[in-house]
Amino acid sequence: MTHPISWLRKQAPGVVALAVMVGTFYAVKPSESSAAEKKEMAESFTFEPMAISMPGGYKKQSVRKVNKAYKHIEAWISSVGAGVAMNDIDGDGLPNDLCITDPQIDQTVVTPAPAPGRESPTYAPFVLDPAPLPKSDIMAPIGCVPGDFNEDGAMDLLVYYWGRTPVIFQAERKPGEDTTAMDPKSFKPVELVPGSNGSTYKGPLWNSNAATVADFDGDGHNDIYIGNYFPDSPVLDDSVHGGVTMNDSLSHAQNGGGGHFFRWTPSGFEEVKNVLPKGIDRGWTLAVSATDLDGDQRPEMYLAHDFGTSALLYNRSTPGTFKFSEVKAVHTATTPKSKEIGRSSFKGMGVDFGDLDNDGLYDAFVSNITTSFGIQESNFAFVATARDKADLRAKFRDGVAPYKDESAPLNLAWSGWGWDVKMGDFDNNGIQEITQAVGFVKGKRNRWAQLQELATANDALVKHPRFWPRVEEGDDLAGDQHLRFFVQDKDGEAYSDLSKQLGLAVPVPSRGIATGDADGDGRLDMVVARQWEDPVFYCNMSKDTGEYLNLSLVDEAGSPVIGAQVTVTLSDGSTRLGRVDGGSGHSGKRSQDVHIGLGQEADGPMETRLTWRDRTGQVRNKDLQLTPGRHALELGADVKEK
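Every value quoted in this text rests on a predicted model; they were computed, and no experiment measured them.

Novice: Before we move on, can you summarise the UniProt feature "domain: ASPIC/UnbV" (unreviewed entry) in the chain with the specific residues and values?
Specialist: The UniProt feature table records "domain: ASPIC/UnbV" (unreviewed entry) at residues 562-619. Note that residues 562-619 is 0% helix and 47% strand, and that its end C-alpha atoms are spaced 13 Å apart.

Novice: A description of the environment of Asp-237 should follow, citing residues and the corresponding values.
Specialist: Here Asp-237 lies in the loop between strand 11 (223-228) and strand 12 (258-265). Measuring from C-alpha to C-alpha, the distance between Asp-237 and Ala-69 comes to 10.0 Å, with 168 residues separating the pair along the chain. Leave out the neighbours within four places in its chain, and Asp-237 touches Val-66, Asn-67, Lys-68 and Ile-138. Side-chain polar atoms of Asp-237 contact the side chain of Ser-239, separated by 2.5 Å.

Novice: Describe helix 2 (residues 35-42), naming the residues involved and giving the relevant values.
Specialist: Listed in full, the buried residues belonging to helix 2 are Lys-38, Met-41 and Ala-42. Relative to the axis of helix 2, the buried residues are bounded by an arc of 100 degrees and lie together on one face. Turned more than 90 degrees off the buried face of helix 2, the exposed positions are Ala-36 and Lys-39. Those residues of helix 2 hidden inside the fold are in contact with strand 26 (484-488) and strand 27 (495-497).

Novice: Explain the sheet that holds strand 20 (residues 380-384) to me, and be specific about the residues and the numbers.
Specialist: Here four strands make up an open sheet; going across it, the order is 18-19-20-21 and the pairing antiparallel. Of all the strands in the sheet, the pair left with one neighbour each is strand 18 (350-354) and strand 21 (403-405). The mean angle between the axes of side-by-side strands here comes to 20 degrees, regardless of whether they run parallel or antiparallel. Note that strand 18 and strand 19 (residues 363-367) share five bridges and pair antiparallel. Looking at strand 19, one finds that Val-351 is bridged to Val-366.

Novice: Just give me the short version of the side chain of Asp-476, but keep the residues and values in it.
Specialist: By the secondary structure assignment, Asp-476 is in strand 25 (residues 475-476). Sequence-distant contacts of Asp-476, that is, excluding residues within four places in its chain, are made with Val-441, Lys-442, Gly-443, Lys-444, Arg-445, Asn-446 and Arg-447.

Novice: Please provide a residue-by-residue account of the packing of aromatic side chains, values included.
Specialist: The final tally for this structure, using the stated rule, is 29 aromatic pairs. Seen from their ring centres, Tyr-229 and Phe-230 are 5.1 Å apart, and the 85 degrees between their planes marks the pair as edge-to-face. You can call Tyr-229 buried: its relative accessible area is 9%. On the basis of relative accessible area, Phe-230 is assigned to the buried category, the value being 2%.

Novice: Go over the nonpolar core with me, naming the residues and quoting the values.
Specialist: Judged by nonpolar contacts, the single largest core of 93 residues is most densely connected at Trp-76, Ile-224, Trp-417, Leu-553 and Leu-610. Leu-293, Tyr-302, Val-366 and Tyr-403 belong to the second-largest nonpolar core, a separate cluster that totals 24 residues.

Novice: Go over the state of the cysteines, please, and point to the residues and values.
Specialist: One pass over the structure, following the stated rule, counts one disulfide. Each sulfur of the disulfide joining Cys-99 and Cys-144 lies 2.2 Å from the other. Residues Cys-99 and Cys-144 are joined by a disulfide whose S-S torsion is about 100 degrees; by sign, that bridge is right-handed. Of this pair, Cys-99 sits in strand 3 (residues 97-102) while Cys-144 sits in strand 6 (residues 140-147), and the two are 45 residues apart along the sequence.

Novice: Please set out the pairing of strand 18 residue by residue, giving values where relevant.
Specialist: The buried count for strand 18 comes to five of five residues, which makes it a mostly enclosed element. Side chains Gly-350, Asp-352 and Gly-354 project from strand 18 onto one buried face, and the interleaved Val-351 and Phe-353 project onto a second face that is buried too.

Novice: Describe unusual backbone geometry, listing the residues and the values that go with them.
Specialist: A cis geometry characterises the amide bond from Ala-131 onward to Pro-132, with omega recorded as 15 degrees. Among the secondary structure elements, Pro-132 is positioned in the loop between strand 5 (126-127) and strand 6. Positive phi outside glycine occurs at Gln-297, with the angle close to 65 degrees. In this structure, Gln-297 sits in the loop between strand 14 (284-291) and strand 15 (300-306). On the accessibility criterion, Gln-297 (7% relative accessible area) is buried. Unusually for a residue other than glycine, Trp-532 sits at a positive phi of about 70 degrees. Relative to the elements of secondary structure, Trp-532 occurs in the loop between strand 29 (525-530) and strand 30 (536-540).

What counts and how
Residues numbered from 1 in each chain as written. Predicted model: local features only at pLDDT ≥ 70, side-chain atom pairs only at ≥ 80, totals over all residues. Heavy atoms only, no water. UniProt positions renumbered as here; feature names shortened; annotations may be inferred. Helix = DSSP H or I, 4+ residues; strand = E, 2+ residues; numbered from the N terminus. Contact = heavy atoms within 4.5 Å. Polar contact = N/O pair within 3.5 Å; in protein donor to acceptor, adjacent residues only side chain to side chain. Buried < 20%, exposed > 50% of the residue type's maximum accessible area, 1.4 Å probe, protein only. Arc of directions from axis to C-beta. Pairing = 2+ DSSP bridges. Axes fitted to C-alpha atoms, helices over the stretch in contact; angles between N-to-C directions. Phe/Tyr/Trp six-rings, centres within 6.5 Å; stacked < 30°, edge-to-face > 60°. Core = buried A, V, L, I, M, F, W, Y, C linked by side-chain atoms within 4.5 Å. Disulfide = S-S within 2.5 Å.

In structure tokens, the structure reads:
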């Protein structure tokens, strides 16, 4: 018989390790705001849910037809595709138009955003049909990115799919024409990847899940990035069995669809090969953000890859040449590799950049799977640690990503099965709120136990679909999780989720989030795309909000100047950042104007610096004194008030 003292001595290392783990958890875990404190914080926000007009005549589905090899995981395969973009598509000067991809009908819909007091929509919702381009029964739209791709001043729409290469729906309407006549004839479908002919699509079977628009090479023209999830394969072809795969690892998968870059040319977009560094060029892409982090007007890229291998890429491009190098955090003994940029092994599901601490540098929020007693990873709140943009640029050149994950102390680490994320100042107090789409598959049969078995499986097995546990129609994984709305606490030390207090905690899986001031009242509205449920518009009706700047920044033709940066310096010397975003996130795309909250004390002209790249590729700067409110500015060689 083992003596108790001897047994305790043998267990001492484990006991000490457990004590250290528990102590560390409570040392970094922030104190939760009380119910009374949350109620008080929630008084700054009011959101009114409003129904979105959708076209009739389509039979709704609750799961997609899939390759026979995927039949037992049909709900898993059918778990993406709900997306939404908010923008000024009809040219009336407000981002009050929506481009929605709806898995219930597998169609892309253009529809006006609802508005308080408006009895009927300004135009009837309609579907973007790729015909007369080739189509097939094994394709489904997954997302929509607005942009002026032919530079004529009218907003076009890029739609990407599973089962086909993307299509640009080019606006036939000319700037200044009647905007109330929007209908299917307002857009002409054009292939992004030429070569497909006939009525039935027989081209490459791309399975795209992310896209963004930015001037990657600094030539003054916007380029396109398309991120694919599955490798080219018949994912949605229910007439065949096989020819498909799953990820070859749960933490470092490198057999996915990878990324495709397209450079603008006067004769159309041309694909640029071999852009991504080896080791991250075959990721399972779910989200992307292209944002100029170091101030040189060349956007860096964050690629959010499922099953690990996410990456931050420093932009070294020159006109006509795309070049990126990966930057990684300096490894330390106190930070797990799984929580470091360049080494993370979590399930990157969404990403957005914003200045969380108002130090003049962009920080990043990355969604992962963070379900207690399910898959307990962590969201990332990568806070910049560089002194300024010059210091950040110097570290990027040395291959270093100077960011530290502060998600735990900020109380942002755990939320659920995360997807899209958007930062924005919804009460105009000068501090970013964070809203996050959450949830996976809604049903009645709980499948967490089977998924946990998969999480411990050997990587040699997981790429074979037959080894995956059943996740069919009617099964449930995080199906009752709800949208999150994180607000900074009164002491500024951490965040609290106020979704329940604000009526946003609807137990329906969500996917894409789009933000923009749809009605021009100075308050950011929000649209949420939900998987296998109708999308919802949340009109911001908050009272006593602070002052704001809303800037429409366009070129001489009237196209949004994607990538333009705005820095506002307040009277106390602090700064607020904004940019014209070309499509950050998973399947939600914010409007392409710039909204910056200024706080209650802003009562005069704001010192505002604009930085942009004109159509010749030259970087321009302009310092202005702008009064709070809305401004339309034309950016060329100089700035003109419109």
